[in-house]
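# Fold and contact review
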Amino acid sequence: MLYIKCPHCGMRPQTEFSYGGDASVKRPELNKDISDQEWDDFVYNRKSLRGKHLELWQHISGCRQWIKVERDTSTHEIFRTFRADEEVA
Amino acid sequence: MSQNFRLENIGLINRDKKLSFKFNGKTYFGYEGDTLASALLANGVHLVGRSFKYHRPRGFFGAGVDEPYAIVQLYRNNETEPNIKATEQELFEGLEAKSVNCWPSVNFDIGAINNFLKIFLPAGFYYKTFMWPKSFWYRIYEPFIRKAAGLGVASIKHDKERYEHKYEYCDLLIAGSGPSGLSSAYAAAKNGAKVILAEDKPRFGGSLLTSDVNIGNQSGKDWADGIIAELKTMPNVVVKNRSQIFGYYDHNMLVMSEKVSDHLPSTKKYHPNKRLWYIRAKEVLISSGSIERPIVFGNNDTPGVMLSSAAKEYLKVYGVLVGRNPLVFTNNDSGYETAIEFKKHGVDPIVLDSRKNPKSEIIDEAKNLGINIKNSYVVVAAQGYKKVKSADIASISEDKKQLGKIENVKCDCICVSGFWTPTIHLASQSGNKTKFKEEIDAFVPGQSKQNERTLGAANGIFSLEETLKTSFAAGSELSKKITDNDNEVSVPNVVEKKSSQHDKFWCVPLPEGKNYKRFLDFQNDVSVSDVEIALREGYRSIEHVKRYTTLGMATDQGKTSNLNGLQLVSEIENKVVPAVGHTTFRPPYTPVSIGAIVGREVGNHSKPTRKSPMHTWHEKNNAVFVDAGVWLRPRYYKRGDENLFEASKREAKNVRTNVGVCDVTTLGKIDVKGPDAAEFLNRVYTNAWLKLPVGKARYGVMLREDGIVMDDGTTTRISEHHYHMTTTTAQAANVLSHLEYYLQLVWPELNVNVVSTTEQWAGAAIAGPKSRDLLKKLFPNSDVSNEGLPFMGYMEGDLFGVKARIFRISFSGELAYEVNVESDNGNFMWEKIMEIGEEFEIQPYGTEALSTLRIEMGHVAGSELDGRTIPYDNALEGLVSKKKDFIGKRSLQRAAFTADDRQRIVGVVPIDKKTSIPEGSHLVKDANAPLPNPKLGHISASCWSVEHDNPFSLAILKDGKNMIGEKLFVMSPLKNKIIPVEIVSSHYVDPKGERVRS
């Protein structure tokens, strides 16, 4: 069971969180004309990385904030966590 | 029966407390502090079971967790539990146990015929034999194997025992209380670290309980007792015996099973049977010691053949002699320690040492005691069926290939030592990459992945002096890092005898003309020849060999067999052992009760139960409940001997003719507040929201980004910046997360807050032609006329002093209202509605009538919004704005979603107007078409239309738009039904929607 540092609440067990997928995906702006390919990339296409992965989790049984977690998908090592509004370089 | 093999002046048992117990129906006596195994051995009982495959007689091989044979069925306090190791089960007064894997009895076992048929049961026999004729598998082979195999019988009764879960955090978790565990725990505790020290056995001390060493000026055991006594007084230390750490998981979380009550005749009141600890540790020290491994020889599974360390433990801890005429067969000095203990207690052992001329302090002591030692000698085969009677022994050449002349010596037990295997399971589970250590012919932990460190024998360090030195240092260093204290603890002096190098010898060759079974894995009956066959048949990877032969599988997980198996593969394949590699160690290290894993979450506690504030009223009025997610909702209210069908029909009809009331508290409710709330709703829903006035409700549909309908519901503008959103019962939690996602991550610039108010409001839907008359009497001070409160209108009202929200919305298609009051007033509201509604012939209705009403109206619900449909499919495309953008809009342009023959909701009526249509059935054009018959659609919901008094269903049908009037067939292979049907509009009642506006 992972041990995740919520930027708002501190270290909490994985059971308090729900997973939200790739955090690097940006939703296309509203009312913008975009190609099928761009839309498919946003909705469906994911890289399924092995290694460092920036992903979303929601602290669903805690502060209910969505957070960003930088995790190694093969070792589960968590490097850093961020608030939803933090830009990750 | 008397305890003939019990010695008077040795052991840690309590001789003042004699206990009686039964094994296979016969009564025996033992002492408090015995295990079932030691008590049986004290009584001279060696035969405890039959082996898994060949049903050969089996005895005791070990004295603890590594035991592969002595698995019994335990009876305790009118309960039974399988898969109990006799070597771990502590004795209590009245204990009852039986052998497993034998029928009709352990002494006469019919399955033992397999022993003579073993030529037919080679490696992979499950895969090779019993394959034909096919029908024989189910009727003959499988039932026979089921009866023959298996390690006991699970109880089919409800388990009355209680199991608990506990969550704990600590600085250092130390697994094992041997010399390294005690030293590191002591050093860390002195630095103020929060320490948990876990020991799987009842007694602390590990190898110090049986080894002949001195620490400081005391015996090893006295030193251990002193350390434990001091640790127990320290507030920062938790010391737990009977507690097995069986799994090492991610981020330094380990799970430990504490046997709270297994050693007692019955569980004490308010105590659990077992307690499962989830421990998150900053640092983990693995001091799990090592397990002696056997040397392989002929018939090495005969009862009376056991590990030499086990023989020593039975002697020193339990005062039990495992034989009076022992033979010790060793390739290292450990066998001598056992021989010396025998000799000290008046028994003359013979030692066979595979080494030519070993020299050490221990061997000198054995020689000085006059022990008969034969160098370059091996046991070729044990003789005897249900018990060792003698051994065939022979000298062996230096290259270990040639045997000398075979001699037979009388003996009643063979104590075997093939050196020590570090217990690296926890380290390996943590992700540690293990490495092979040539000097000890075994794997030890390598590079750590998590915060763990392995100490002492588990790390391949067999010198006590070095173990103490490194363990004290590790405890100090790691605790200092956490607490910043540096209280130096001096390492005590150690007096131990030096040992000599072991012999890299593990398997005795077969003498010419003999074909003894030489077992590698005792629990699964895997012999040397089985592994040879597997390799001959082309299995190369050790993981494949394991699965094909079952080597190292089952409840002991190869604790005594793994390394010898690897040695064999490496020899045949001509590879070094590290190149063969070992199979993956997976949790649990030892079997864990399912009850302990489940904990308290059984029966009604397996999930939370949510009840509306009106639940008690429903109960009192004969409601029959149904699970709706975690909610309990009335399905119908039973009158007399009505069944579900009759009751729901009555309730639905009463809504169409008079008025009904339904508890809708379970609907999800979300408060949406803030200056940008309208803009937010406009992006979330498919329809327009910017112009909804205060005091009005609107029905809305929300999509996922892939264009699929996520949920629907009405949202009401309570005030300028305050909206009250409703969701379906099932989707309430998902919708809230969905809204939070967009507000926090996608459009953080919107000034909006959302919060669940589901539990704050109790809701009652009042529906039927007489509902307005009822409402007028409920709210005499409010204008609830068609003009005062039009369709989709909202107002606040005063319900006899209670503040209420009144929504004019309808799910049933009738003139209808929904009244919400604060939850605490829910029951008051309900009783008022029922009381005043009496004159309008009001009846409560449940979810079944609710479904009937919505189905015949063609209102979609969860069975249509099933995660596969878009707005068009549900005839909701009118609610999809062409002007504005919203979540999921771009996906609606996809070709499949705009195809001319796109699926769409329709109504379905059986031609005979009688046959009810099973939900989930398929719609086909031709009932007699060859299979697979092309599917045109499926039935999503079925009811008995109370308006038309015949069956009616909704279906999602290909090209549904152009299918009205078509005649098709409903097919349900599950119910074996073919029903001719006609496709009609999904709006089967009041297609123009006049009633809701009346």
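Residues numbered from 1 in each chain as written. Chains lettered and ligands numbered in written order. Predicted model: local features only at pLDDT ≥ 70, side-chain atom pairs only at ≥ 80, totals over all residues. Heavy atoms only, no water.

A tally of regular secondary structure across chain B gives 23 helices and 50 strands. In terms of overall dimensions, chain B has C-alpha extents of about 115 × 70 × 55 Å along its principal axes. Scored against the burial criterion, the 998 residues of chain B give a buried share of 59%. Total accessible area on chain B is roughly 41700 Å²; 51% of this is exposed by carbon and sulfur atoms. Side-chain charges of chain B comprise 128 positive and 119 negative groups, with the mean position of each set lying 3 Å from the other. (Helix = DSSP H or I, 4+ residues; strand = E, 2+ residues; numbered from the N terminus. Buried < 20%, exposed > 50% of the residue type's maximum accessible area, 1.4 Å probe, protein only. Areas by Shrake-Rupley, 256 points an atom, 1.4 Å probe, with all protein chains shown as cover. Lys, Arg positive; Asp, Glu negative; His and termini not counted. Charge placed at Lys NZ, Arg CZ, Asp CG, Glu CD.)

Let us now look at the pattern of salt bridges. All names here are of chain B. The tally for this structure, following the rule as stated, stands at 66 salt bridges over all chains. Note that R656 and E856 form a salt bridge whose closest N and O atoms lie 2.7 Å from each other. Within this pair, whereas R656 is found in helix α18 (residues 644-657), its partner E856 is found in helix α23 (residues 847-857), the two being separated by 200 residues in sequence. With respect to burial, R656 and E856 carry one shared label: buried. Note that E835 is salt-bridged to K832, the shortest N-O span being 3.7 Å. One end of the pair is E835 and the other is K832, both in helix α22 (residues 826-837) and 3 residues apart, which spans about a single turn. Relative accessible area serves as the criterion here: at 49%, E835 is assigned to the partly exposed category. Salt bridges linked by common partners bring R162, E164, K240, E258 and R275 together as one network. (Salt bridge = Lys/Arg side-chain N within 4 Å of Asp/Glu carboxyl O.)

So, about the packing of aromatic side chains. Enumeration according to the criterion identifies 23 aromatic pairs over all chains in this entry. The interplanar angle of 90° and the centroid separation of 6.4 Å between the aromatic rings of F17(A) and W57(A) together place this pair among those described as edge-to-face. Of the two residues, F17(A) is situated in the loop between β2 (10-13) and β3 (18-22) and W57(A) in strand β4 (residues 52-58); the sequence distance between them amounts to 40 residues. There is no split in this pair, since F17(A) and W57(A) are both buried. A ring pair is formed by Y539(B) and Y548(B), whose centres lie 4.1 Å apart and whose planes are at 20°; its orientation type is stacked. (Phe/Tyr/Trp six-rings, centres within 6.5 Å; stacked < 30°, edge-to-face > 60°.)

Here the focus is the sheet that holds strand β20 (residues 372-375) of chain B. Residue and element names in this part refer to chain B. Here we have 5 strands laid out as an open sheet, ordered β17-β24-β18-β19-β20, and parallel in their pairing. The two strands at the open ends of the sheet, each matched to only one other strand, are β17 (305-307) and β20. For this sheet, the mean inter-axis angle between neighbouring strands, taken without regard to orientation, is 20°. Of the strand pairs in this sheet, strand β18 (residues 326-330) and strand β19 (residues 350-353) are connected by 4 bridges, and their pairing is parallel. Across the sheet, the residue bridging to F329 is L352, located in β19. (Pairing = 2+ DSSP bridges. Axes fitted to C-alpha atoms, helices over the stretch in contact; angles between N-to-C directions.)

Another aspect to go through is the interface of chain B and chain A. Taken together, the contact pairs 28 residues of chain B with 27 residues of chain A. Of the roughly 2400 Å² buried between chain B and chain A on both sides combined, carbon and sulfur atoms contribute 53%. On the chain B side of the interface with chain A, the three residues burying the most area are H251(B), Q744(B) and R890(B), jointly 27% of the side's total. Here chain B and chain A share 3 salt bridges between them. Counting the contacts that link chain B with chain A gives 17 residue pairs in polar contact (both at pLDDT 80 or more). Here the side of chain B that touches chain A gets 9 residues from one element, more than from any other, and that element is helix α20 (residues 732-746) of chain B. Class assignment of the residues belonging to the side of chain B that touches chain A gives a composition of 12 nonpolar, 5 polar and 11 charged. (Contact = heavy atoms within 4.5 Å. Buried area = accessible area lost by both parts, 1.4 Å probe. Polar contact = N/O pair within 3.5 Å; in protein donor to acceptor, adjacent residues only side chain to side chain. Nonpolar A, V, L, I, M, F, W, Y, C, P; charged D, E, K, R; others polar.)

Residues and elements named next belong to chain B. Taking 1.5 Å per residue as the helical rise, helix α5 (residues 179-190) with its 12 residues ought to reach 16 Å, and the 17 Å between its terminal C-alpha atoms agrees with that figure. Most of α5 sits out of view: 11 of its 12 residues are buried. Along α5, the residues classified as buried are P179, S180, G181, L182, S183, S184, A185, Y186, A187, A188 and A189. For α5, the elements touching its buried residues are β8 (163-175), β9 (195-198), α6 (220-233), β12 (237-240), β15 (274-286) and α11 (464-483). (Expected span 1.5 Å × (residues − 1).)

Turning our attention to unusual backbone geometry. Note the cis peptide between P587(B) and P588(B), where omega equals 0°. Secondary-structure assignment places P588(B) in the loop between α15 (577-580) and α16 (594-598). A cis geometry characterises the amide bond from L931(B) onward to P932(B), with omega recorded as -5°. Located in the positive-phi region is N31(A), a residue other than glycine, with phi close to 60°. Assignment of secondary structure puts N31(A) in the loop between β3 and α1 (36-43).

On to the domain arrangement of chain B. Partitioning chain B into structural domains gives domain 1 (14-131), domain 2 (163-290 + 422-495), domain 3 (294-418) and domain 4 (900-998). On a C-alpha basis, the centres of domain 3 of chain B and domain 4 of chain B stand 81 Å from each other. (Domains from an automatic or database assignment.)

Before going further, it helps to spend a moment on the environment of E864(B). All names here are of chain B. As for its placement among the helices and strands, E864 is situated in the loop between α23 and β45 (904-910). You can call E864 buried: its relative accessible area is 0%. Spatially, the C-alpha atom of E864 lies 8.6 Å from that of L954, the residues being 90 residues apart in sequence. Dropping the residues within four chain positions of it, E864 is found in contact with R854, H859, T869, N874, I905, S940, A941, L954 and I956.

Before going further, it helps to spend a moment on the sheet that holds β3(A). Backbone hydrogen bonds are what pair the strands of a sheet, in a parallel or an antiparallel way. Spatial ordering of the open sheet is given by β3-β4-β5-β6 (chain A), a layout of 4 strands whose pairing is antiparallel. Bordering the open sheet on either side are β3 and β6 (78-83) of chain A, each of which pairs with just one other strand. Across the sheet, the mean angle separating the axes of adjacent strands is 30° when strand polarity is ignored. Relative to β4(A), β3(A) is paired through 4 bridges, and the arrangement is antiparallel. Its bridge partner lying in β4(A), G21(A) is registered against L56(A). The sheet strands contacting α20(B) are β4 and β5 (66-72) of chain A, and the helix crosses β5(A) at an angle near 85°.

This part covers the side chain of T467(B). All names here are of chain B. With respect to the secondary-structure elements, T467 resides in helix α11. You can call T467 buried: its relative accessible area is 5%. Apart from residues lying up to four places away in sequence, T467 is in contact with P179, S180, G456 and I461.

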